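# Observations on the three-dimensional arrangement
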Amino acid sequence: MPYELPPLPYAYDALEPYYDEQTVRLHHDAHHKAYVDGLNNAEAKLAEARLKGDYSLIKHWERELAFHGSGHILHSMFWENMSPNGGGPATGPIAEQIDKDFGDFETFKKEFSAAAVAVEGSGWAILCWNPVFGKLVILQAEKHQDLTQWGVVPLLCVDVWEHAYYLAYQNKRAAFVEAWWHLVNWRDVNDRFVRATGKC
């Protein structure tokens with residue numbers, strides 16, 4: 001079955017005034033859909049290569065699979081990580097783990113924001129659970145798939161590609177990141193954290 005663009009969990013204008021309707025519509029319907037289409041195309045080309053036994057373009061299609069597949073995964077999480085009723089400090093089990101691994105919420109927020117603003121070119125800041133280290137880590141992802149730690153489980157992400165914010169915030173990435181904190185859906189982050197760790 002081909003991958004499909006998941007519907008938004010809220011109306012296009014539900015995140016205003018922090019995230020404008022026009023950008024949300026363009027970001028979801030055009031940009032996210034392009035990653036879904038790219039993922040389906042990469043998988044189809046790899047299936048064709050297996051059928052023909054012709055792997056001459058394997059490097060290209062594996063890169064496309066990683067790029068578009070990661071783009072689809074991160075965008076799907078990005079929409080669910082936000083809520084019209086979001087924002088504020090972390091709550092629940094994730095709040096306890098943040099305090100343990102970063103000292104307190106404000107320190108975590110400053111580090112995460114700094115990571116998001118400093119991503120070189122296009123990319124993401126991502127809060128992940130690293131089961132090998134048994135701790136939360138903040139990672140930057142240039143493009144969608146670079147600079148990861150193997151085995152981490154992403155919990156919270158902010159998209160800092162220019163298409164995510166340029167219509168309303170222009171080149172003011174830091175202003176977009178600051179506004180995004182008003183939308184963070186801690187219930188969703190906690191659900192992901194509990195699934196990743198078994199903690200409750």
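The preceding data block contains the structure.
Keep in mind that what you see is a predicted model, and the values were worked out from it rather than measured.

All told, the structure shown has six salt bridges when counted by the stated rule. K109 is paired through a salt bridge with E178; the nearest N and O atoms lie 3.8 Å apart. Separated by 69 residues along the polypeptide, K109 in helix α4 (residues 105-118) and E178 in helix α6 (residues 173-180) bring together distant segments of the chain. The class of K109 is buried, set by a relative accessible area of 19%. Across the pair D188 and R192 runs a salt bridge whose closest N-O atoms are separated by 2.8 Å. Of this pair, D188 and R192 both sit in helix α7 (residues 186-197), four residues apart, which is roughly one turn of that helix. Across this residue pair, the class does not change: D188 and R192 are buried. Salt bridges here are not isolated pairs; linked through shared partners, they connect E80, D188 and R192.

Next up on the list: the packing of aromatic side chains. Summed over the entire model, instances satisfying the criterion amount to 19 aromatic pairs. Aromatic pair F78 and W124: ring centres 5.9 Å apart, planes at 85°, arrangement edge-to-face. Of this pair, F78 sits in helix α2 (residues 58-80) while W124 is found in strand β1 (residues 123-130), placing the two residues 46 residues apart along the sequence. Grouping residues by exposure puts F78 and W124 together as buried.

So, about the packing of helix α1 (residues 21-52) against α2. Taken N-terminus to C-terminus, the directions of α1 and α2 make an angle of 145°; their axes are 8 Å apart at the nearest point. Pair α1 / α2 crosses with left-handed handedness. Residues that form the contact of α1 with α2 fall into these classes: 13 nonpolar, 11 polar and four charged.

Here the focus is the packing of α4 against α6. Where α4 meets α6, the axes come as close as 9 Å, and the angle between the chain directions of the two elements is 140°. Classified by the angle between their axes, α4 and α6 sit oblique to one another. In this structure, α4 meets α6 at a crossing whose hand is right-handed. Judged by residue contacts, K109, F112, S113, A116, V117 and A118 of α4 engage R173, A174, V177, E178 and W180 from α6. In terms of residue class, the contact of α4 with α6 is built from seven nonpolar, one polar and three charged.

Once that is clear, we can look at α7. For α7, spanning 12 residues, the distance from its first C-alpha to its last is 16 Å, which sits close to the expected 16 Å at 1.5 Å a residue. Within α7, burial applies to W186, D188, V189, N190, R192 and F193. As for α7, its buried residues are in contact with α2, α3 (92-102), α4, β1, β2 (135-142) and β3 (153-159). A positive phi of about 80° marks G198, the residue just after α7.

This part takes up α1. The terminal C-alpha atoms of α1, which comprises 32 residues, lie 45 Å apart, in line with the 46 Å expected from a rise of 1.5 Å per residue. Along its length, α1 shows its largest kink, about 30°, at H27. Buried residues of α1: T23, V24, H27, H28, H32, Y35, V36, G38, L39, A42, L46 and A49, and no others. Once α1 ends, the next one or two residues include G53, with phi positive near 70°.

Definitions and limits used
Residues numbered from 1 in each chain as written. Predicted model: local features only at pLDDT ≥ 70, side-chain atom pairs only at ≥ 80, totals over all residues. Heavy atoms only, no water. Salt bridge = Lys/Arg side-chain N within 4 Å of Asp/Glu carboxyl O. Helix = DSSP H or I, 4+ residues; strand = E, 2+ residues; numbered from the N terminus. Buried < 20%, exposed > 50% of the residue type's maximum accessible area, 1.4 Å probe, protein only. Phe/Tyr/Trp six-rings, centres within 6.5 Å; stacked < 30°, edge-to-face > 60°. Axes fitted to C-alpha atoms, helices over the stretch in contact; angles between N-to-C directions. Left-handed = near helix turned anticlockwise from the far one by under 90°. Nonpolar A, V, L, I, M, F, W, Y, C, P; charged D, E, K, R; others polar. Parallel < 35°, antiparallel > 145°, perpendicular 65-115°, else oblique. Contact = heavy atoms within 4.5 Å. Expected span 1.5 Å × (residues − 1). Bend = angle between axes of the 7 residues up to and from the residue.

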